[in-house]
Amino acid sequence: MSIQNLASYDPFADVGDDPAPEDIVEEKKKTSQANSYVHIRIQQRNGRKTLTTLQGLPKEYDQKKLLKAFKKEFACNGTIVDDEELGQVIQLQGDQRQKISMFLIEEGIPKQDVKVHGF
């Protein structure tokens, strides 16, 4: 007597269809392109003070020049912080989320690639 319910079977597995190495490289490119969002977040400091962070900028934009333009345009202070997981992150004082998103859209970043997070 055998119990067939305990046998493992994957109904979604494709039999005999191993992806070629070229297909794996193309899938990695698609996922890296899908994760190419620019994230704008807000963090609460103490009391009424907030911090706006910007991460995921494309490599062709110079972050130091952008930071200088942000500080001049929005009349706030800011800095660039190196993070191990996220790379370089721009931090600005205050709630600058909408201003940053409008600035980036005017500079040529598509609107669907700019994600604004926060309360």
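None of the values given here were measured: they were computed from a predicted structure.

Cut-offs and rules
- Residues numbered from 1 in each chain as written.
- Predicted model: local features only at pLDDT ≥ 70, side-chain atom pairs only at ≥ 80, totals over all residues.
- Heavy atoms only, no water.
- Buried < 20%, exposed > 50% of the residue type's maximum accessible area, 1.4 Å probe, protein only.
- Helix = DSSP H or I, 4+ residues; strand = E, 2+ residues; numbered from the N terminus.
- Arc of directions from axis to C-beta.
- Contact = heavy atoms within 4.5 Å.
- Pairing = 2+ DSSP bridges.
- Axes fitted to C-alpha atoms, helices over the stretch in contact; angles between N-to-C directions.

A. Seen up close, helix α3 (residues 97-106). Those residues of α3 lying buried are R97, I100, S101, F103 and L104. Along the axis of α3, the buried positions cluster into a sector of 165 degrees, meaning they face one direction only. Exposed positions of α3 whose direction lies more than 90 degrees from the buried face are Q98 and E106. Each element contacted by the buried residues of α3 is listed here: β1 (38-44), β2 (50-55), α2 (63-74), β4 (87-93) and β5 (114-116). Count one or two residues on from α3 and you reach G108, which has phi positive near 115 degrees.

B. Geometry of the pairing of β1. Alignment of β1 against β5, held across three bridges, turns out to be parallel. Among the inter-strand pairings, H39 is bridged to a residue of β5, identified as K115. Sheet topology places β1 next to β2; six bridges connect them, and they run antiparallel. Looking across to β2, one finds that Q43 is bridged to L51. Hairpin connection from β1 to β2: five residues lie between these consecutive antiparallel strands, with G47 at a positive phi of about 65 degrees.

C. Molecular detail of the sheet that holds strand β3 (residues 78-83). The five strands are arranged β3-β4-β2-β1-β5 in an open sheet whose pairing can be described as mixed. Across the chains shown, the open sheet's two edge strands, defined by having one partner strand only, are β3 and β5. Averaged over all adjacent pairs, the angle separating strand axes in this sheet is 25 degrees, with direction ignored. Alignment of β3 against β4, held across six bridges, turns out to be antiparallel. Bridge pairing in β4 places G78 opposite L92. The strands touched by α3 are β1, β2, β4 and β5; relative to β1, the strand with the most contacts, the crossing angle is about 165 degrees.

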